[in-house]
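# Chains, contacts and geometry: an overview
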Amino acid sequence: MHLNSKHGFNDGIYHTKIFSPGEVYVLNVNEDTIAVFPVLEFEDSTAILTKQRTNYTSLQRKFKDNKISHTFYNPSFDIDVMTMPLVFRPATPELPGQLITNFNGAFYGGYRIDAYKLNYKRTPLNSYKQTIKHLACSAGLYAGLGNTLVDTYSLTNPNINTQYEGVILLTGVAANVAVQNLTVGISFGVDHLLDKYSSEWIYEGRPCIGFTIGLNLN
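What counts and how
Within any chain, residue numbers begin from 1 and follow the written order of that chain's sequence. Selection of residues for local features in this predicted model requires a pLDDT of at least 70, selection of side-chain atom pairs for listing and counting requires 80 or more, and totals for whole chains, interfaces and linings are taken over all residues. No hydrogens and no water enter the side-chain calculation; it runs on all heavy atoms of the structure. A run of DSSP states H or I qualifies as a helix once it reaches four residues; a run of E qualifies as a strand once it reaches two. Both are numbered from the N-terminal end. Classification of residues uses two cut-offs on accessible area relative to the type maximum, computed with a 1.4 Å probe and protein chains only: under 20% is buried, over 50% is exposed, and between them is partly exposed. Contacts are assigned to residue pairs with any non-hydrogen atoms lying within 4.5 Å of each other. Under the convention used here, a 1.4 Å probe and the Shrake-Rupley method define accessible areas, while residue burial counts only the protein chains that appear. The positive count covers Lys and Arg only, the negative count covers Asp and Glu only, and His and the chain ends enter neither. Charge coordinates come from a single atom per side chain, which is NZ of Lys, CZ of Arg, CG of Asp or CD of Glu. The predictor attaches a confidence to each residue, called pLDDT, with possible values from 0 through 100.

Helix and strand counts for the protein stand at 0 helices and 12 strands. Beginning at the N terminus, the succession of helices and strands in the protein can be written as β-β-β-β-β-β-β-β-β-β-β-β. With respect to the three principal axes, the spread of C-alpha positions in the protein is 80 × 45 × 25 Å. In the protein, which comprises 218 residues, the proportion classed as buried is 39%. The contacts in the protein between residues at least 6 apart in sequence include a share of 59% that link residues at least 24 apart. Element-wise, carbon and sulfur atoms account for 61% of the exposed surface of the protein, whose accessible area totals about 12,500 Å². When the 17 basic and 18 acidic side-chain charges of the protein are each reduced to a single mean position, those positions are 19 Å apart.

Here you go:
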């Protein structure tokens, strides 16, 4: 259990309810035992109430609080690198809706909550088997770069006769679900062409929807 990563259920302070000020300190005693202590927060310090310790272990016959399932929440700031392998651009007066698969990459920053569900299932030997399930979700902003085909059909001025791969700035918001270090989700953003034809590009500043895949960096 002693994993020094965001997706590991490490020793530390957790919330007992999502978006709740109630906090506890979790101490991993060994592979199948944890100790939970109430926490009091003051302006200049944090107090751990060690005399109010509650143990959860697979060897015990009865749980002190009569609960066999507990969820602990860890809020944090999230930093990812991500890409959008699929982007849908809604229809414009010039072209129908487009599903784009161009290369792109972006940095993402947002608010993340990791949830660790601790569950004990009774065995035929009258002991408990411990399982820990981890799930994280986050929402935030992203910015990055990508490429797009710029030609006569993607420009509003029919007198411009050109064809090339243009560089675009990607900006928007995204919501992700994390499994270990991998994140997947959906994005809502707008793109900007970074050259002299930006004012003529039919997708300039128009909203688009993407499917995201990312890698957690912190």
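From this point on, the discussion continues.
Right, let's get into the confidence of the model for the protein. Considering every residue of the protein, the mean pLDDT works out to 87; 90% of them sit at 70 or more. Here strand β5 (residues 54–57) stands out as the least confident element of the protein, with mean pLDDT 78; strand β11 (residues 182–193) is the most confident, with 96.

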